[in-house]
Amino acid sequence: MAYYIIRPGEHAVEDAAGTSLAVCEVFADAVQGEGVYAGCPAVFLRLSGCHLGCKWCDTMDIWNKSCRLSVDRLVGIFKDGGIVSRLDKGHHLVVTGGAPMLQQDALTEFLVSLNNVCRNRPFVEMENECTIPVHPGNSELWGLVDSWNNSPKLSHSGVPDAKRYNPEAIGQMSLAREAWFKFVVGGEDDWAEIEDGFIVPGYVRRSQVLLMPEGQTRSQLSPEKKQAVLEMAVRHDVRYAGRLQIDVYDNRKGV
Ligand code: SF4
């Protein structure tokens, strides 16, 4: 099981001197379960807050469990808690949410400070619902993130189009040094939405697309469902993405 350094709701203390982040949880000795880096040992920094509200959201703690920590304090926790040494050994740092881009300026400051205490610059993956562009004053963030793991939401998320679909953010992200677009697929009809809304207008290249079956438990991710999405991916010349953490641990948190 993962090693928690901040559990959801554990830190009632607020330490927000200077720039701060709303943090939900931090855990290490875990594994990236999704996307092209599935299988990599990872540290997860989960930030609180989201502006969407997908009907199948499985990270409920981000709505009501948050501690506000200054950048200095969070870097100190990473250092003293042995997180920096794990990053130095090559564990990825996965910044997730919630919607991390709601806190993009503070994140930049945090990643710069973290680099200053690491021997080797950590490999940073940013999970991104892809509705908020990097703003022009925050261009430093591009150089701090190694992989943008974008996951734009489709209509089956139940989120209104105007909130979940932002061509400006999508198009900007597709030009990043490394950017992937992972779509949670509920059924056959989803492909038309991906193709018409993302690939045909040229916002996303086909080679950046991954299809991942929808499901939060092992029983929901049935072999038949996985097979259907895998075959859909091959048929449309894109990648299939599994959910390693569910295959191995079912719906246990913090793994
Ligand atoms: S974008 Fe992610 S965190 Fe936000 S509601 Fe959807 S699934 Fe939950």
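Chemist: Could you give an account of the overall build of the chain, with specific residues and numbers?
Modeler: The helix and strand tally for the chain stands at 10 helices and 10 strands. Relative to the 2.2 N^0.38 estimate, which gives 18 Å for 255 residues, the radius of gyration of the chain is 18 Å and therefore close to what a compact globule would have. Once the C-alpha set of the chain is aligned to its principal axes, its extents read approximately 50 × 40 × 35 Å. Buried positions account for 54% of the 255 residues belonging to the chain. Counting 26 positive and 33 negative side-chain charges, the chain places the centres of these two groups 4 Å from one another.

Chemist: Explain the layout of surface pockets residue by residue, including any values.
Modeler: Empty space among the atoms can be located by rolling a probe the size of a water molecule over them. Considering only enclosed or pocket space, the largest pocket measures out at about 1100 Å³ in volume. In this structure, the largest pocket is lined by 50 residues; those nearest its centre are Glu 34, Arg 46, Asp 58, Thr 59 and Gly 97. At the level of elements, strand S2 (20-31), strand S3 (41-47), helix H1 (61-64), strand S5 (92-96), strand S6 (124-128), strand S8 (179-185) and helix H10 (244-249) are the ones that each hand at least two residues to the lining of the largest pocket. Tallying contributions element by element places S2 first for the lining of the largest pocket, with four residues. Of the residues that constitute the lining of the largest pocket, the class distribution is 20 nonpolar, 16 polar and 14 charged.

Chemist: Lay out the pattern of salt bridges with the relevant residues and their values.
Modeler: Scanning the entire structure with this criterion turns up 13 salt bridges. Measuring nitrogen to oxygen at the nearest pair gives 3.8 Å for the salt bridge that ties Lys 65 to Asp 61. For Lys 65, a relative accessible area of 34% gives the class partly exposed. The class for Asp 61 is partly exposed, based on a relative accessible area of 30%. With a shortest N-O distance of 3.6 Å, Glu 127 and Lys 182 are connected by a salt bridge. With a gap of 55 residues between them, Glu 127 in strand S6 and Lys 182 in strand S8 connect regions that are remote in the sequence. For the pair Glu 127 and Lys 182, one class covers both residues: buried.

Chemist: An account of empty space enclosed by the protein is needed here, citing residue identities and associated values.
Modeler: Counted according to the given criterion, the structure contains one cavity of 30 Å³ or more. By volume, the largest cavity amounts to about 40 Å³. The wall of the largest cavity is formed by Gly 35, Val 36, Asn 149, Trp 180, Lys 182 and Leu 210. Among the residues making up the lining of the largest cavity, the classes are represented as three nonpolar, two polar and one charged.

Chemist: With reference to specific residues and values, describe the environment of Lys 225.
Modeler: Structurally, Lys 225 can be placed in helix H9 (residues 223-235). Separated by 11 residues in the primary sequence, Lys 225 and Glu 214 have C-alpha atoms spaced 8.5 Å apart. Ignoring any residue separated from it by four or fewer positions in sequence, one finds Lys 225 in contact with Pro 213, Glu 214 and Gln 220. Within the structure, Lys 225 has its side chain in polar contact with the backbone oxygen of Gln 220 (distance 3.4 Å).

Chemist: Which residues make up the nonpolar core, and what are the values?
Modeler: The biggest cluster of nonpolar side chains holds 56 residues, and the ones touching the most others in it are Val 23, Phe 78, Leu 93, Phe 110, Trp 148 and Leu 211. Excluding its chain neighbours within four sequence positions, the residues that come into contact with Leu 93 are Val 43, Leu 45, Phe 78, Leu 87, Phe 110, Leu 111, Leu 114, Phe 123, Val 124 and Glu 125. One finds Trp 56, Val 159, Trp 180 and Ala 241 within the second-largest nonpolar core, a separate group that totals nine residues.

Chemist: Describe in detail the environment of Gly 39, supporting the description with residues and values.
Modeler: Checked against the element boundaries, Gly 39 lands in the loop between S2 and S3. When its relative accessible area of 41% is taken as the criterion, Gly 39 is described as partly exposed. Distance from Gly 39 to Leu 244, taken between C-alpha atoms, is 7.5 Å for residues 205 residues apart in sequence. Not counting the four nearest positions on each side in its chain, Gly 39 is found in contact with Val 31, Gln 32 and Leu 244.

Chemist: Which residues make up the site of the ligand, and what are the values?
Modeler: Near the ligand you find Cys 50, Leu 52, Gly 53, Cys 54, Cys 57, Thr 59, Ile 62, Trp 63, Gly 98 and Lys 153, and these make up its full shell. Among the cavities detected, the one that contains the ligand is the largest pocket.

Chemist: Talk me through helix H8 (residues 190-199); I want residue IDs and the actual numbers.
Modeler: Listing the buried residues of H8 in full gives Asp 190, Trp 191, Ile 194, Gly 197, Phe 198 and Ile 199. Seen end-on, H8 carries its buried residues on one side only, within an arc spanning 160°.

What counts, and where the lines are drawn
Along each chain, residues carry numbers from 1 onward, in the same order as the chain's sequence is written. It should be noted that, the model being predicted, local features are given only for residues of pLDDT at least 70 and side-chain atom pairs only at 80 or more, the latter also being counted only at that level, while totals for whole chains, interfaces and linings use all residues. As a rule here, side-chain values come from all non-hydrogen atoms in the structure, and water together with hydrogens is ignored. Runs of H or I in DSSP of at least four residues are treated as helices and runs of E of at least two as strands, each being numbered from the N terminus. Note that the radius of gyration is over C-alpha atoms, with the globule rule given as 2.2 Å times the number of residues to the power 0.38. Burial classes: relative accessible area under 20% of the type maximum marks a residue as buried, over 50% as exposed, and values in between as partly exposed (1.4 Å probe, protein chains only). Charge assignment: positive for Lys and Arg, negative for Asp and Glu; neither His nor the chain ends contribute. A charged residue contributes its charge at one atom only: NZ of Lys, CZ of Arg, CG of Asp or CD of Glu. Points on a 1 Å grid over protein atoms alone make up a cavity when a 1.4 Å probe fits among them but cannot get out, and a pocket when they form an open set with protein on both sides within 12 Å along at least five of seven lines; lining residues each have an atom within 4 Å of a point. Grid points are joined across faces, edges and corners, and a volume is the space filled by probe spheres set on the points. Amino acids are sorted into nonpolar (Ala, Val, Leu, Ile, Met, Phe, Trp, Tyr, Cys and Pro), charged (Asp, Glu, Lys and Arg) and polar (every other residue, Gly among them). Each reported salt bridge corresponds to a side-chain nitrogen of Lys or Arg within 4 Å of a carboxyl oxygen of Asp or Glu. Two residues form a contact once any of their heavy atoms are found within 4.5 Å. Each polar contact in these results corresponds to two N or O atoms within 3.5 Å; when the atoms are within protein, one needs to be able to donate a hydrogen and the other to accept it, and residues that are neighboring in sequence are counted only if both atoms are side-chain atoms. What is meant by a nonpolar core is a set of buried Ala, Val, Leu, Ile, Met, Phe, Trp, Tyr and Cys residues, joined one to another through side-chain atoms within 4.5 Å. Note on terminology: near, applied to a residue and a molecule or strand, indicates that one of the residue's heavy atoms is within 4 Å of it. Throughout, a molecule is located in a cavity or pocket provided that more than half of its atoms lie within 2 Å of its grid points. Directions from the helix axis toward the C-beta atoms define the arc.

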